[in-house]
Amino acid sequence: MAAADEATAPHALLLPYPAQGHVIPFMELAHRLLDAGFAVTFVNTEFNHRRVVTAAAGSPPASSERLRLVGVADGMDDGEDRDNLVRLNSTMKEAMPPQLEKLLDGEWRSAAGDGDGDGGGLGKVTCVVVDAGMSWALDAAKRRGLPTAALWPASAAVFAVIVGAKKLIRDGVIDDDGAPVKLENNTFRLAESMAPMDATFLAWNYMGNADAERMVFHYLTTTAWAAVANADVLLCNTFADLEPDIFSTTHHHSSPVPTILPIGPLRTWRRSTTASDDVPVVGHFWRADDEACLSFLDAQPHGSVVYVAFGSLTVMSPAQLQELALALVASGRPFLWVFRPGLTCGELPTAVRDMVRHHGKGKLVEWAPQESVLAHKAIGCFVTHCGWNSTLEGIRNGAPLLCWPYFTDQFTNQTYICDVWKVGLRVASVAVGREGVVAKEEIVERLESLLGDGGIKERVNRLKDLAESSMSGEGRSLKNLNAFMESIRK
């Protein structure tokens with residue numbers, strides 16, 4: 001694109017919440033905007049910006065003429081733990097708004113001292129899309145009269161519960177700080193059309209610390225309410241056929257669910273197009289070994305491989321990892337296991353590594369190109385933490401799901417996977433606490449049950465087809481996405 005055209009192109013600033021499961025769908029939205037002729041400034045925290053750039057090293061350039069990657073300070077010191085979400089939420093709200101204002105005004109300078117008074121050659125920002133969890137950033141855009149949108153990158157059901165927290169308090173489901181009140185079976189329905197939910201496992205509960213749960217509850221509700229009040233458009237990375245209980249009630253005046261547009265499922269891995277300035281979808285915090293993963297899968301029988309991946313934040317005890325390794329070996333099936341840094345305290349136990357090596361059918365990798373892995377014909381099932389991206393990727397590729405949630409929205413996603421959509425099973429037949437361990441024998445039994453259930457495979461393939469149709473042709477999500485992009489182009 002010529003420089004003059006770049007300066008007059010619509011210029012979107014995108015701001016995801018600084019977690020892997022938020023950055024990835026935001027980057028896919030960025031590429032959708034690029035495809036539609038927008039210029040994009042993609043804002044990460046400096047900490048995550050460095051991770052993204054490092055993970056993409058050696059790949060085609062992360063930035064193109066119309067995509068600018070920016071890192072801003074999050075207010076935490078270099079040595080602080082960014083997985084401490086309570087601390088991060090607090091510091092970001094103080095540290096980031098002044099930097100965002102400079103970006104919007106074309107006055108931003110990076111920590112390295114380089115500046116781009118003309119927006120990096122992209123011209124002034126003309127529209128802003130923020131994560132619903134970063135809705136405090138909308139104020140700066142609204143003061144400048146810019147069109148705004150808030151994207152919720154998780155399920156619409158979880159967003160509905162967060163937005164509907166005041167109703168849950170009035171109905172006696174939770175107290176003023178989000179803690180569950182004694183209920184029959186701990187279950188409730190936000191609306192008659194919605195699935196029953198367990199108040200013990202709402203997005204802010206089950207974090208292992210009552211103070212943290214209280215602060216996360218107030219952060220989630222405050223930011224969600226601000227997104228509803230201040231964003232011109234609310235977007236969600238889901239599709240209507242996946243959550244009809246939400247989208248059939250959206251426009252009812254009595255519904256606790258705000259009007260939200262499904263624009264998913266947004267693809268989350270490398271995309272190939274014929275555009276001359278196409279760039280890879282970056283945004284992963286670890287470098288994936290595409291060749292090692294795919295060559296391993298190429299050598300396996302159709303539908304045989306157990307793919308194991310627990311996202312970017314799950315932590316497991318060494319004892320649980322040992323049982324999982326024993327189960328994978330005892331299953332006799334080939335497996336591909338993503339063992340990212342931080343999955344357990346310390347290094348991977350030598351006994352686990354030796355067990356995998358002796359088994360001969362398994363492969364351990366630090367990070368995987370998950371979309372490509374799940375699309376491979378060799379995949380038989382997906383052992384997952386039930387993060388929303390992983391849930392969508394599993395469904396979109398027709399993979400039966402073995403659910404092993406860790407925290408936040410993952411328990412609600414498990415409920416939908418197992419009880420509503422019936423496309424997966426729980427790894428534990430009864431709830432296992434943080435300190436509990438699921439035994440090898442139970443894991444093997446659940447794997448065999450999952451892989452032997454033709455009904456689950458049939459149902460997940462049906463959802464796969466609906467996911468594909470939602471983002472193609474006259475699909476509702478694609479039409480919503482195109483209408484949204486046209487609305488903020490003006």
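- Looking at an unreviewed UniProt entry, one finds the chain named Glycosyltransferase, with Digitaria exilis as its source organism.
- Comment text from UniProt for the chain, heading Sequence similarities (unreviewed entry), reads "Belongs to the UDP-glycosyltransferase family."

1. Quick word on the environment of Gly424
- Along the chain, Gly424 turns up in strand S15 (residues 424-426).
- For the pair Gly424 and Leu401, spaced 23 residues apart in sequence, the C-alpha separation works out to 4.3 Å.
- Those residues in contact with Gly424 that lie beyond four places of it in its chain are Leu401, Ile417, Cys418, Leu450 and Ile456.

2. Re the nonpolar core
- Counting 133 residues, the largest nonpolar core has Leu14, Phe42, Trp204 and Tyr307 as the members making the most contacts within it.
- Broken down by element, the residue count for this core peaks at eight residues, all from helix H6 (residues 156-163).
- For Trp204, the contacting residues outside a window of four places in its chain are Val161, Ile162, Ile174, Gly178, Glu213, Val216, Phe217 and Leu220.
- Val308, Cys381, Leu450 and Ile456 belong to the second largest nonpolar core, which has 29 residues in total.

3. Considerations on the sheet that holds S15
- What the six strands build is an open sheet, ordered S12-S11-S10-S13-S14-S15; its pairing is parallel. Looking at the sheet topology across the chains shown, the edges are occupied by strand S12 (362-365) and S15. Taken over all neighbouring pairs, the strand axes of this sheet differ in orientation by 15° on average, direction set aside.
- As judged from the three bridges shared by strand S10 (residues 305-309) and strand S11 (residues 335-338), these two strands associate in the parallel manner. Among the inter-strand pairings, Val306 is bridged to a residue of S11, identified as Phe335.

4. Remarks on the sheet that holds strand S1 (residues 11-15)
- Taking strand neighbours across the sheet as the criterion, the seven strands line up as S3-S2-S1-S4-S5-S8-S9 in an open arrangement whose pairing is parallel. Each end of this open sheet is capped by a strand with a single partner; those strands are strand S3 (67-72) and strand S9 (261-262).
- Bridge count for S1 against strand S4 (residues 127-131) is four bridges, and the pairing is parallel. From the neighbouring strand, Leu14 faces S4, where its bridge partner is Val129.

5. A closer look at empty space enclosed by the protein
- Summed over the entire model, instances satisfying the criterion amount to three cavities of 30 Å³ or more.
- Its volume calculated, the largest cavity comes out at about 820 Å³.
- Looking at the lining of the largest cavity, the elements with two or more residues in it are helix H2 (20-35), helix H4 (85-104), H6, helix H8 (210-230), S10 and helix H14 (388-396).
- Considering only enclosed or pocket space, the second largest cavity measures out at about 50 Å³ in volume.
- Every residue along the wall of the second largest cavity is listed here: Leu13, Leu15, Leu100, Leu104, Val128, Ala137 and Ala141.
- Looking at the lining of the second largest cavity, the elements with two or more residues in it are S1 and H4.
- The residue inventory of the lining of the second largest cavity, partitioned by class, reads seven nonpolar, no polar and no charged.

6. Remarks on the pairing of strand S8 (residues 233-236)
- Residues Val233 and Leu235 of S8 are buried on one face, and the alternating residues Leu234 and Cys236, pointing to the opposite face, are buried as well.
- When strand S5 (residues 148-152) meets S8, the two strands line up parallel, connected through four bridges. Bridging across to S8, Ala149 finds its partner in Val233.
- Strand direction decides the pairing type here: S8 and S9, joined by two bridges, are parallel. Bridge pairing in S9 places Cys236 opposite Pro262.

7. A look at the packing of H2 against helix H18 (residues 476-489)
- Viewed as axis vectors pointing N to C, H2 and H18 meet at an angle of 65°, and their least axial separation amounts to 11 Å. On the basis of their axis angle, the class for H2 and H18 is roughly perpendicular. Pair H2 / H18 crosses with right-handed handedness. Of the residues in H18, those in contact with Leu29, Arg32 and Leu33 of H2 are Leu478, Leu481, Met485 and Ile488.
- Looking at the contact of H2 with H18 residue by residue, the class counts come to six nonpolar, no polar and one charged.

8. Re the side chain of Asn480
- Position of Asn480 among the secondary structure elements: in helix H18.
- According to the relative accessible area criterion, Asn480 is buried, its value standing at 14%.
- Separated by 2.9 Å, the side chain of Asn480 and the backbone oxygen of Pro262 make a polar contact.
- Each residue touching Asn480, except ones within four places of it in the same chain, is listed here: Leu261, Pro262 and Ile263.

9. Describing the side chain of Ser155
- With respect to the secondary-structure elements, Ser155 resides in the loop between S5 and H6.
- In this structure Ser155 comes out as buried when scored by relative accessible area, which is 3%.
- Residues contacting Ser155, with those up to four places away along its chain left out, are Cys236, Glu243, Trp388 and Asn413.

10. Observations regarding the layout of surface pockets
- Taken as a whole, the second largest pocket spans an internal volume of roughly 350 Å³.
- Along its surface, the second largest pocket is lined by 22 residues, and Ile379, Asn397, Gly398, Ala399 and Lys457 are the ones closest to its centre.
- Counting only elements with at least two residues in the lining of the second largest pocket, the list comes to strand S13 (379-384), helix H16 (440-451) and helix H17 (454-470).
- Element by element, the count of residues in the lining of the second largest pocket is highest for H17, at five residues.

11. Description of the packing of helix H11 (residues 318-331) against H16
- Contact geometry of H11 with H16 gives a least axis separation of 8 Å together with a crossing angle of 45°. As the angle between them shows, H11 and H16 are arranged oblique. Between H11 and H16 the crossing geometry is right-handed. Listed contacts from H16 to Gln320, Glu323, Leu324, Leu326, Ala327, Leu328, Ala330 and Ser331 of H11 are Lys440, Ile443, Val444, Leu447 and Glu448.
- In the contact of H11 with H16, the residues fall into eight nonpolar, two polar and three charged.

Procedures and definitions
Residues numbered from 1 in each chain as written. Predicted model: local features only at pLDDT ≥ 70, side-chain atom pairs only at ≥ 80, totals over all residues. Heavy atoms only, no water. UniProt positions renumbered as here; feature names shortened; annotations may be inferred. Helix = DSSP H or I, 4+ residues; strand = E, 2+ residues; numbered from the N terminus. Contact = heavy atoms within 4.5 Å. Core = buried A, V, L, I, M, F, W, Y, C linked by side-chain atoms within 4.5 Å. Buried < 20%, exposed > 50% of the residue type's maximum accessible area, 1.4 Å probe, protein only. Pairing = 2+ DSSP bridges. Axes fitted to C-alpha atoms, helices over the stretch in contact; angles between N-to-C directions. 1 Å grid on protein atoms, 1.4 Å probe; cavity = no way out; pocket = protein on both sides within 12 Å on 5 of 7 lines; lining within 4 Å. Points joined across faces, edges and corners; volume = space filled by probe spheres on them. Nonpolar A, V, L, I, M, F, W, Y, C, P; charged D, E, K, R; others polar. Parallel < 35°, antiparallel > 145°, perpendicular 65-115°, else oblique. Left-handed = near helix turned anticlockwise from the far one by under 90°. Polar contact = N/O pair within 3.5 Å; in protein donor to acceptor, adjacent residues only side chain to side chain.

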